[in-house]
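Architecture at a glance
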Amino acid sequence: SPSDAWSRGAAQQWASTIAADAQVLTTSDHVLSLEDYGTSDTTMTAYAADDDGLTRAWTASLDTSGDTDTGASKETPPTFLLWGENTLIHGTTLYNISTGATGRAPWAENESVVVAGDTAIACDTGDACSAYSEESANPRWSTTLTDASDGISRAVSRQLTSASGTNTPSSASTRPSISPRARR
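First, a word on what this report is: a plain description of the structure on this page. Note that this is a predicted model, so its numbers are computed, not measured. Sequence positions are assigned chain by chain, starting from 1 and proceeding in written order. Residues qualify for local features only when their pLDDT is at least 70, as the model is predicted, and side-chain atom pairs are given and counted only at 80 or more; totals for whole chains, interfaces and linings, by contrast, use all residues. Side-chain figures throughout are based on the complete set of non-hydrogen atoms in the structure, without hydrogens or water.

In this section: the overall build of the chain. Runs of H or I in DSSP of at least four residues are treated as helices and runs of E of at least two as strands, each being numbered from the N terminus. Each helix and strand in the chain was counted, giving two helices and 12 strands. When the elements of the chain are put in sequence order from the N terminus, they spell out α-β-β-β-β-β-β-β-β-β-β-β-β-α. Two residues qualify as a contact provided that any one of their heavy atoms is within 4.5 Å of a heavy atom in the partner residue. Once local pairs closer than 6 in sequence are excluded, the contacts in the chain between residues at least 24 apart make up 45%. For the chain, the exposed surface amounts to about 10000 Å²; the carbon and sulfur share of it is 47%. Note on areas: Shrake-Rupley, 1.4 Å probe, and residue coverage restricted to the protein chains presented here.

Following this line, the structure appears as structure tokens:
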């Protein structure tokens, strides 16, 4: 039979406050908030999450003014990708989710990027694609794929369309995820 604690329902374990108008991203062990999203002065704050609640880990300022489509509202999910277990991609900037340390991505600004687990695949408008691991700036492999950059954009757009209607662009599941969105 179920335990008494379970049968009485859920109990609040902890609470925290994040700005009501912030975009919120989650991984398995971090919560990230983006205040003033869609501007050149966005504040990203990372909180480590554990059984005791949220602990502020780091804060960074970044420019997200180019992240929304023309005419889109601020509810458009941010253009962030989770790469592997601990790297957050924003454009060509890589963030260590635990420390906030930044680095430069090995792909060019004009390439479309998609992440599959621990592999980031970047394709240029000429359909030249390269796959990267978190550990190396050297490509794992490179190839030419017909309509690759258009395919990435369409696939990500479909994914976002099916997930639209919420102000929280991601949630932690069995695998950490941040709403994927191809860079334009």
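Turning our attention to the packing of aromatic side chains. Aromatic contacts are taken between Phe, Tyr and Trp rings whose centres are within 6.5 Å, Trp giving its six-membered ring; a plane angle under 30 degrees counts as stacked, one over 60 as edge-to-face, and the others as tilted. The full count for this structure, using the stated rule, is three aromatic pairs. Ring centres 6.0 Å apart and planes at 5° place the aromatic pair Trp58 and Tyr95 in the stacked group. Of this pair, Trp58 sits in strand E4 (residues 53-62) while Tyr95 sits in strand E7 (residues 93-96), and the two are 37 residues apart along the sequence. Only protein chains enter the accessibility calculation, which uses a 1.4 Å probe; a residue whose area is less than 20% of its type maximum is buried, one above 50% is exposed, and one in between is partly exposed. Residue Trp58 is classed as buried on the basis of its relative accessible area, which comes to 8%.

Looking now at the nonpolar core. Put simply, a nonpolar core is a bunch of buried Ala, Val, Leu, Ile, Met, Phe, Trp, Tyr and Cys residues held in one set by side-chain atoms that sit within 4.5 Å of each other. Of all hydrophobic cores here, the largest spans 14 residues; its most connected members are Leu32, Leu34, Met44, Trp58, Phe80, Leu88 and Tyr95. Looking at this core, the elements with two or more residues in it are strand E2 (30-35), strand E3 (42-50), E4 and strand E5 (80-83). Examining the composition of this core, we find that three residues originate from one element, E4, more than from any other.

Taken together, four strands build an open sheet; the order of strands is E9-E10-E11-E12 and the sheet is antiparallel. With partners counted over all chains shown, the strands left at the sheet margins are strand E9 (112-116) and strand E12 (141-144), one partner each. On average, each strand axis in the sheet is inclined to that of its neighbour by 20°, with strand direction left out of account. Any two strands between which DSSP finds at least two bridges are classified as paired. By the bridge criterion, five bridges tie strand E10 (residues 119-123) to strand E11 (residues 128-133) in an arrangement that is antiparallel. Paired with Ala120 across the two strands is Tyr132, which belongs to E11. A fitted line through C-alpha atoms represents every axis, and for helices the fit uses only the stretch in contact; the resulting angles, taken between N-to-C directions, go from 0 to 180 degrees.

Turning our attention to the sheet that holds E7. The antiparallel open sheet is built from four strands, whose spatial order is E5-E6-E7-E8. This sheet does not close on itself; its edge strands, each paired only once, are E5 and strand E8 (102-104). The mean angle between the axes of side-by-side strands here comes to 30°, regardless of whether they run parallel or antiparallel. Pairing between E5 and strand E6 (residues 87-90): four bridges, direction antiparallel. Within E6, the residue paired with Phe80 across the bridge is His90.

With that out of the way, let us pick up the pattern of salt bridges. Salt bridge criterion: a side-chain nitrogen from Lys or Arg within 4 Å of a carboxyl oxygen from Asp or Glu. Evaluation of the coordinates by the stated rule reveals one salt bridge. One salt bridge connects Asp118 with Arg140, and the closest N-O pair in it is separated by 3.6 Å. Residue Asp118 is located in the loop between E9 and E10, and its partner Arg140 is located in the loop between E11 and E12; the two are separated by 22 residues in the primary sequence.

With that settled, consider the pairing of strand E1 (residues 23-26). A two-sided burial pattern is seen for E1, the buried positions comprising Gln23 and Leu25 on one face and Val24 and Thr26 on the other. Hairpin geometry of E1 and E2 is characterised by an intervening segment of three residues between the two adjacent antiparallel strands.

Tracing the backbone through its elements, the reader meets Asn96 in strand E7. You can call Asn96 partly exposed: its relative accessible area is 27%. On a C-alpha basis, the gap between Asn96 and Asn86 in space is 5.9 Å, while along the polypeptide they are 10 residues apart. Sequence-distant contacts of Asn96, defined by excluding residues within four places in its chain, comprise Trp58, Asn86 and Ala101. Reaching out from Asn96, the side chain makes a polar contact with the side chain of Asn86 at a distance of 3.0 Å. Here a polar contact is recorded for every N or O atom pair within 3.5 Å, except that within protein the pair must consist of a potential hydrogen donor and a potential acceptor, and residues adjacent in sequence are included only if both atoms are side-chain atoms.

Our focus in this paragraph is the state of the cysteines. Here a disulfide denotes one covalent bond, and it connects the sulfur atoms of two cysteines. We call a pair of cysteine sulfur atoms a disulfide when they lie within 2.5 Å. Counted by the stated rule, this structure contains one disulfide. At a sulfur-sulfur separation of 2.1 Å, the disulfide partner of Cys123 is Cys129. Taking the torsion about the S-S bond as the criterion, the Cys123 to Cys129 disulfide, at about 115°, is right-handed. Of the residues examined, Cys123 reaches a relative accessible area of 2% and is grouped as buried. Judged by relative accessible area, Cys129 falls into the buried class, the value being 1%.

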